[in-house]
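Here's the letter readout for the chains.
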Amino acid sequence: MNAIDTRFFLFLNGMHAPYWDTFMYTFSQMEVWIPFYAVLLYQIIRIGRKESLWVVLALVLCIVLADQISSGLIKHWVQRLRPTHADGLREWVHTVNGYRGGLYGFVSSHAANTFALALFCTLLFRNARYAWTLFPWAAVTSYSRIYLGVHYPGDILGGILVGLFSAGLCFFLLKRLRPQCIVPFGKNGPECPSIKFNTCIALMPLGVLLFTVVCIAVYAALV
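The rules behind these values
Residues numbered from 1 in each chain as written. Predicted model: local features only at pLDDT ≥ 70, side-chain atom pairs only at ≥ 80, totals over all residues. Heavy atoms only, no water. Salt bridge = Lys/Arg side-chain N within 4 Å of Asp/Glu carboxyl O. Helix = DSSP H or I, 4+ residues; strand = E, 2+ residues; numbered from the N terminus. Buried < 20%, exposed > 50% of the residue type's maximum accessible area, 1.4 Å probe, protein only. Axes fitted to C-alpha atoms, helices over the stretch in contact; angles between N-to-C directions. Parallel < 35°, antiparallel > 145°, perpendicular 65-115°, else oblique. Left-handed = near helix turned anticlockwise from the far one by under 90°. Contact = heavy atoms within 4.5 Å. Nonpolar A, V, L, I, M, F, W, Y, C, P; charged D, E, K, R; others polar.

**A word on the pattern of salt bridges**
For the coordinates displayed, the defined rule picks out five salt bridges. Put simply, Glu 51 and Arg 178 hold a salt bridge, and the shortest N to O gap is 2.9 Å. You can see Glu 51 sitting in the loop between helix 3 (34-48) and helix 4 (52-78) and its partner Arg 178 sitting in the loop between helix 7 (153-177) and helix 8 (195-222), a full 127 residues away along the chain. Put simply, Arg 90 and Asp 87 hold a salt bridge, and the shortest N to O gap is 2.9 Å. Assessed through its relative accessible area of 64%, Asp 87 is described here as exposed. Several salt bridges share partner residues, and in doing so they unite Asp 5, Arg 80 and Asp 155 into one network.

Printed below as a string of structure tokens:
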């Protein structure tokens, strides 16, 4: 399995170009997505109103749980070296701006955190348009970690599973303990009376996502 994972990693990591180096390096920085997170938070507060505090707390718990399971527990337990730190392999790894990451890479916290956010918000809003916005974003973010040479595909797969587990658990607890928090977000809920409104709230984060990607592309082209 390790040999297959390594060959697959070298295949994916070997497909690179100067433009995509800058693009993927920037795309991988979580700070550039602050406007995207702000729009999602705004939608939660706008729709949930007085119950939004519980939803935000559940979402924060979801991200913290995914991050701590991946970085705080599994990485130090498994201690699988990143490709950039593995003897006999690091010489073949394509890196960008000298970035090599920490010592251990299994599982990817980027994959865990982004997929946790994607699944939690998809379950919360119950709108397919959100899924078409969030999951491609999470997938490209995860792929960028392979492109940058700091994770094997197996690290990404493990991170995805951790993220999906964390989101499913936190959403289950929220629905179980505060079911009234979930109602306003449904397609037939009192705060979502029409398809037009659902389309509006779904396209807002999509617009921010596309705007951010365009800015990254322009920056990458100029650099």
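**Some details on the packing of helix 4 against helix 5 (residues 109-125)**
Contact geometry for helix 4 and helix 5: axes closest at 9 Å, N-to-C directions at 155°. Put simply, helix 4 runs roughly antiparallel to helix 5. Read as a crossing pair, helix 4 and helix 5 show a hand that is right-handed. Here helix 4 contributes Val 55, Ala 58, Leu 59, Cys 62, Ile 63, Ala 66, Asp 67, Ser 70, Ser 71 and Lys 75 to the contact with helix 5, which in turn contributes Ser 109, Ala 112, Asn 113, Ala 116, Leu 117, Phe 120 and Leu 124. When its residues are assigned to classes, the contact of helix 4 with helix 5 shows eleven nonpolar, four polar and two charged.

Without other data, these values stay purely geometric and don't point to any function.
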